[in-house]
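Report on the structure
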Amino acid sequence: MEINFNELVQDALALQADHAAIAEVSKIKFVEEFRKACEQNTCRRYNTNWMCPPAVGPIGELIAKVRKYKQGLLFQTVHQLARSLDYKGMLAAGVEHEKRFRKIIANIENKYPSLDMLPLNAGPCLYCPRCGYLDNEKCRFPDKAISSVEAHGIDVMNLEKVCGIPYYNGKNTVSYVALILFM
């Protein structure tokens with residue numbers, strides 16, 4: 001079945017993505033040093049989640065995995081905050097982004113059930129309230145577990161620029177990005 005990329009973008013927008021575009025994998029800039037932010041535990045998820053470093057795997061393997069795909073749907077959700085450093089607002093916005101992300105994935109899976117895709121989200125996998133990694137257990141839902149664009153070394157700011165999506169969306173906003181890759 002042929003993928004209708006224009007329809008994927010329109011569907012993402014209809015499902016409350018604020019910006020969406022098709023990204024060519026050949027145009028993705030990888031920066032292995034981004035992984036250092038993970039190692040410095042910037043988001044407080046390092047070594048706590050199967051889909052985050054170090055458990056998700058070496059950066060070189062993740063970059064190679066991304067390069068096997070041809071293109072993808074890049075989308076962004078933008079959320080208003082009460083003030084610029086509204087941490088609770090940022091967390092709530094992340095939860096809302098996750099809901100939209102999962103709806104967009106479900107829509108794609110419904111339209112293209114046999115499509116080989118690699119979904120990457122903003123930040124750590126949040127599918128389970130407590131990741132099995134913390135209890136020395138295997139991932140409970142490997143078909144639902146999602147890693148991040150950051151863990152894969154993708155330069156999100158550059159990719160958004162290449163795709164015509166704004167990185168900055170105004171004062172007192174936070175933006176989250178996801179990338180769903182296709183063969």
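Presented here is a report on the structure given in the accompanying data block. Throughout, a residue's number is its position along its own chain's written sequence, starting from 1. Only residues with pLDDT of 70 or above have their local features reported here, since the model is predicted, and side-chain atom pairs are shown and tallied only from 80 upward, although totals for entire chains, interfaces and linings are computed over all residues. Working from all heavy atoms in the structure, the side-chain values ignore hydrogens and water.

1. Some thoughts on the pattern of salt bridges
Counted as salt bridges are all cases of a side-chain nitrogen of Lys or Arg within 4 Å of a carboxyl oxygen of Asp or Glu. Under the criterion given, the structure shown has nine salt bridges. Arg140 is the partner of Glu137 in a salt bridge, and the nearest nitrogen-oxygen pair spans 3.2 Å. Assessed through its relative accessible area of 37%, Glu137 is described here as partly exposed. Linked through salt bridges whose partners overlap, the residues forming this network are Arg130, Asp135, Glu137 and Arg140. Only protein chains enter the accessibility calculation, which uses a 1.4 Å probe. A residue is then buried if its area is under 20% of the maximum for its type, exposed if over 50%, and partly exposed in between.

2. Here we look at the packing of helix H1 (residues 5-14) against helix H4 (residues 87-111)
Between N-to-C directions, angles span 0 to 180 degrees; the directions come from axes that are lines fitted to C-alpha atoms, helices contributing only their stretch in contact. For the purposes of this entry, the term helix denotes a DSSP run of H or I that reaches at least four residues, the term strand denotes a run of E that reaches at least two, and both are numbered from the N terminus. Direction vectors running N to C along H1 and H4 enclose 145°, while the axes themselves pass 10 Å from each other. Considering only the axes of H1 and H4, their crossing is right-handed. Residues Glu7, Leu8, Asp11 and Ala12 of H1 pack against Ile104, Asn107, Ile108 and Lys111 of H4. Working rule for handedness: look at the near helix, and if it is turned counterclockwise from the far one by less than a right angle, call the crossing left-handed; if clockwise, right-handed. Any two residues whose heavy atoms approach within 4.5 Å are treated as being in contact.

3. Some points on the pairing of strand E3 (residues 117-121)
In terms of burial, E3 is largely enclosed, as five of its five residues are buried. Side chains Met117, Pro119 and Asn121 of E3 all project onto a buried face; the interleaved residues Leu118 and Leu120 project onto the opposite face, where all are buried too. Here, any two strands with at least 2 DSSP bridges between them count as paired. For E3 and strand E5 (residues 173-182), the ladder comprises four bridges, and the chain directions are antiparallel. Looking across to E5, one finds that Pro119 is bridged to Ile180. Note that E3 and strand E4 (residues 147-148) share two bridges and pair parallel.

4. Focus: unusual backbone geometry
Leaving glycine aside, a negative phi is the common case for residues, and trans is the common case for peptide bonds. Here the amide bond leading from Pro53 into Pro54 is cis, since omega sits at 0°, within 30 degrees of zero. Among the structural elements, Pro54 can be located in the loop between helix H2 (34-39) and helix H3 (59-67). One non-glycine residue, Asn47, lies in the positive phi region at around 60°. Relative to the elements of secondary structure, Asn47 occurs in the loop between H2 and H3. Taking relative accessible area as the criterion, Asn47 reaches 40% and is therefore assigned partly exposed. Here the phi dihedral of Asn172 falls at roughly 60°; this positive angle occurs in a residue that is not glycine. The topology assignment puts Asn172 in the loop between helix H5 (156-163) and E5.

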